[in-house]
Amino acid sequence: MPRPFTPKVITANALLEGDVVYYTADDQWTRHLSEAELLTDEAHADLRLIEASAQQHLAVGVYLADMVAGENGPEPTHFREDFRRTGPSNYAHGKQAEL
Amino acid sequence: MYSYNDFDAAFLAERNSQFRQQVARRIDGSLTEDEFKPLRLMNGLYLQLHAYMLRVAIPYGTLGSAQMRQLAHVADTWDKGYGHFTTRQNIQYNWPKLPDVPDILDSLAEVQLHAIQTSGNTIRNVTADHFAGAAADEVADPRPVAELLRQWSTDHPEFQFLPRKFKFAVTGSETDRAVIRAHDIGIQLVEKDGKRGYRVLVGGGLGRTPVIGKVIRDFLPEEDLLPYSEAIVSTYNVLGRRDNKYKARIKITVNENGLDTYRELTEKRFAELKPLFSGVDQEMLEGIRAHFAPPAFRNAPTDAYEAARAADPVFRAWADTNLSEHKAPGYAIVSISLKKHGETPGDATSAQMRAIADLAEQYGHDDIRISHEQNVILPHVHLSDLPALHAELKKHDLATANIGLVSDIIACPGMDYCALATARSIPVAQEIAKRFDELKLEHEIGPLKIKISGCINACGHHHVGHIGILGLDRAGVENYQITLGGDGSEEAAIGQRTGPGFAYDEITGAIETILKTYLGLRETEEETFLEAYRRVGPDPFKAALYPEKEKANAA
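All figures in this text were calculated on a predicted structure; none of them were measured in a lab.

Reading guide: rules and limits
By convention here, each chain's residues receive numbers from 1 onward along its written sequence. Chains carry letters and ligands carry numbers; both start at the beginning, A for chains and 1 for ligands, and go up in the order they are written. Totals for whole chains, interfaces and linings use all residues, but because this is a predicted model, local features are given only for residues with pLDDT of at least 70 and pairs of side-chain atoms are given and counted only at 80 or more. By definition, two strands form a pair when at least two bridges between them are found by DSSP. To qualify as a helix, a DSSP run of H or I must reach at least 4 residues; to qualify as a strand, a run of E must reach at least 2; elements of each kind are numbered from the N terminus. Any two residues are considered in contact once their C-beta atoms, placed from the backbone, lie within 7 Å. Axis lines are fitted through C-alpha atoms, for helices just across the contact stretch, and the angle between N-to-C directions can take any value from 0 to 180 degrees. Roughly parallel covers angles under 35 degrees, roughly antiparallel covers those over 145, roughly perpendicular covers 65 to 115, and oblique covers all other angles. Think of it as three bins: nonpolar holds Ala, Val, Leu, Ile, Met, Phe, Trp, Tyr, Cys and Pro, charged holds Asp, Glu, Lys and Arg, and polar takes everything else, Gly as well. Definition of nonpolar core: a set of buried Ala, Val, Leu, Ile, Met, Phe, Trp, Tyr and Cys residues joined via C-beta atoms within 7 Å. Exposed residues have 12 or fewer other C-beta atoms within 10 Å of their own C-beta, buried residues have 20 or more, and partly exposed residues fall in between, where C-beta atoms are placed from the backbone. Where each domain begins and ends follows an automated or database-derived domain assignment.

1. Let's talk about the sheet that holds strand β4 (residues 59–70) of chain A
Residue and element names in this part refer to chain A. Strand order in the open sheet formed by 5 strands is β3-β2-β1-β4-β5, and the pairing between neighbours is antiparallel. The two strands at the open ends of the sheet, each matched to only one other strand, are β3 (29–30) and β5 (73–76). Two elements, β4 and β5, share 4 bridges in a ladder whose sense is antiparallel. Residue pairing in the sheet places G70 in a bridge with G73 of β5. Packing against the sheet, helix α2 (residues 79–86) makes contact with β2 (20–23), β4 and β5, and its axis sits at approximately 120° to β5.

2. Notes on the packing of helix α7 (residues 250–257) of chain B against helix α8 (residues 259–273) of chain B
Residues and elements named next belong to chain B. Running from N to C, α7 and α8 cross one another at 110°; their axes reach a closest spacing of 6 Å. One element, α7, and the other, α8, form an angle in the roughly perpendicular class. On the side of α7, the interface is formed by T253, V254 and N257, while α8 contributes L259, T261 and Y262. When the residues that make up the contact of α7 with α8 are grouped by side-chain class, the tally is 3 nonpolar, 3 polar and no charged.

3. What about the interface of chain A and chain B?
Contacts between the two partners involve 22 residues from chain A and, on the opposite side, 23 residues from chain B. Among the secondary structure elements, those contributing two or more residues to the side of chain A that touches chain B are β4 and α2 of chain A. Element by element, the count of residues in the side of chain A that touches chain B is highest for α2 of chain A, at 4 residues. Here the residues of the side of chain A that touches chain B are counted per class, giving 7 nonpolar, 11 polar and 4 charged.

4. Here we look at the nonpolar core
Residues and elements named next belong to chain B. L54, V170, I356 and I469 are the most contacted members of the largest nonpolar core, which totals 167 residues. Sort the elements by how many residues they give to this core and helix α6 (residues 225–239) lands first, with 7 residues. With residues near it in sequence (within four places) discarded, L54 still touches G44, L45, Q92, Y93, P96, V101, I104 and A115.

5. Re α2 of chain A
Residues and elements named next belong to chain A. Listing the buried residues of α2 in full gives F83, R84 and R85. Buried residues belonging to α2 abut β2, β5 and α3 (95–98). Positive phi shows up at G87, right after α2, with a value of about 125°.

6. A short note on the sheet that holds strand β2 (residues 52–57) of chain B
Residues and elements named next belong to chain B. Strands sit in the order β1-β2-β5-β4-β13 across an open sheet of 5 strands; the sheet is antiparallel. Each of the sheet's edge strands pairs with one partner strand only, and the pair in question is β1 (45–47) and β13 (347–349). Across the sheet, the axes of successive neighbouring strands diverge by a mean angle of 30°, strand direction being ignored. Taken together, the 4 bridges between β2 and strand β5 (residues 90–93) define a ladder with antiparallel strand orientation. Along β5, the bridge assignment pairs R55 with Q92.

7. Quick word on the domain arrangement of chain B
All names here are of chain B. By domain assignment, chain B separates into domain 1 (6–109), domain 2 (142–291), domain 3 (310–395) and domain 4 (410–554). One C-alpha centre belongs to domain 3, the other to domain 4, and the line joining them spans 27 Å. With 7 residues of domain 3 at the interface, the matching set in domain 4 holds 8 residues.

Set out below in C-alpha cells:
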C-alpha cells in the first residue's frame, strides 16, 4: 500500500544569495517558512513542484520538504529543515540573525 | 615557497575570466543550473545548507604572510569575517554570494591562490606533511614533489572526469603526519643505498568503506614519479567503476581487482608512458626545489627561552604541548591551536589571520602551514623568540596549550553547514572540549586524537581517530556512533565500533565514560589511551558504555 501523503512545503536556495527560500501560494519565494504554502494534496504538490522548479533564474535545488501545520504556519518535522530555517549552531549567522 | 611564473599567472587569469563569464551567463539565464553546476564545482563553489561555500586550496598547506592577509581580506570583504580550515589543507568560506565569487577569485589570484579542482571528480589539492622542511626526521622536504604533482594534475586533460575524486598526500618522513595511508595515492620520500626515491601507496581512503593504502611500489626511482603516477591514475580512469558512486573510488577498484592485477596493469601502462616523459619534468622539479630552499637559520643564544620556561608556568605548559622538534639547532616548530575550548575547530577570524601573518613575518621566516588537523603551524621559530611570540598569541586567543590532547579535535562542518551531513559535528566537538576543560583532566589523559564526522563520507577522519565519532540520522534524530582504536599514523588502523550509538545529549558523557575507564585501567601514567586500548581491547570500554547489556550477559 502506498504511504499516505504527508504535508510539505517547496523549498530551495536562492540563486544569488544562496540562502534558504520557500515557495508561497502566490508563486513568490520567501525567506520566511511561516509564509510558505503548505501542500496537503499530493497531486497539487507535484504540480506546484513543477511550477517552482521552472524558476531557474531565482531558485536552485527545488524540493519538497515534510512539514506539519503549526500555529504560525508550517513547522519542520525533521532536524535538517529546522537547521535550514534557523542557521548554524556555532554562530548567530544565517536566518536567526537576519530575520 | 613556490612563486608563479608567467605561465601560471596567465593560466589562472584565463580560468578566472572564463568563470566570471560563466557566472554572468548563469545569472542572466543563459545557463541552467544543470549546465552551471559542473562549472562552479570545478572552481570550488558549492551550494550548502544556508549559503554558497567557496573552497580555496592551500597547496601542501603552505602560505606566506601576504597570502594569509589576503585570506583575511576576502573574509572581511565578501564573507563574515572568518574562514574555516579543513582536513585537506583548504580554507572554506561559508557565506559568499554568487555574484561576488568572480571578484573573490581575482582577489585570491593576486596572491597566487585559487579554488581550481577543490571539487569534482578530478585530482584534488595535493596535501603534505605540515612540518615539511622543518621536521627533524625527514629525508627531504616533500613540498617540491607536491608542487610538481600540483602542476601536473592541474587541468590535466585526461583526468578531468575521473570515476570519482582523487587525492594525493606526500610526506618526507617515516612518521606519517599527512595520513598518506588514507589517500588514493600516498607518497613517501625515502632513501635506499644513498639514492632518493619514493614509496608509493595506493587505494587508501576513509568514507563508507575505509581502507588502509597498500604499497604498490616500495622504491620508485626519482625520475619515474610523474609517469608512474600517471600510470596509476590512467589505469584507474579506465578500470574504475562509473556505474555506482559508492564503488567508484580507487580503493574499491584495487580491492575488486586485487593489488597484484592493479600493479600489473599499472606497470604495463607505465611502460607505455615512460618514454613519453623526456625528462623535462625533472628539470622542472629542480627549478621548483630552488623555491623551497631552507631559510637562513641563525645561531643565537637560547637563554631567553630557558628563562621564560622557568619563570612562567603558562608559557611552559604551552611550550610543552605546542612545540615540536626542529631539524635546526635552536629552533622549534610552533603549532598554533585553532581549538580554543568551546570554539569551532579550524575557524580563524580575519584578525587572527592577520596576527598570524604578522608573527610569521616577524619571527617565522614568513612561512605558515595549515595542518590537516585544522591548526596553524609556524615551522621555523628560534627558541629565543618564543616568549614574545607566545605573548602576542595570547592577545589574539591563539595560545591554547592543547595540541595533541582531548580538545584538539578534528571536526568536519557537519549539519551546521554541509548539505551532505546527517548530523552536526561542531557542537559535539565544542561540548567535549568544554567538558574536559571543566574536569581539568586534559593533561592527565595525555595524547589523544578525537575525530568527528557528520556523515559517512568521513571528512572528519573518524575512522582513524583514537576515538572516532560518526554522526548519523537515526529515524529523524541525531545519533552518534563511537569507534575506538583508529590511528592515522604510519601504524594506520581503522577504529572498531563500540556498539549502538548515543543521542546528541549523551555523546559527551559517553566520551567521558571511555576516558575515565582508560584512566582507571592504564598501567602507568605514560601509557597512552591508544596503547592501553591496544593492550586491553574494546571490552572494558564496552562494559562501561553499555552497563545494561553487561548486566543482561551476567544474568
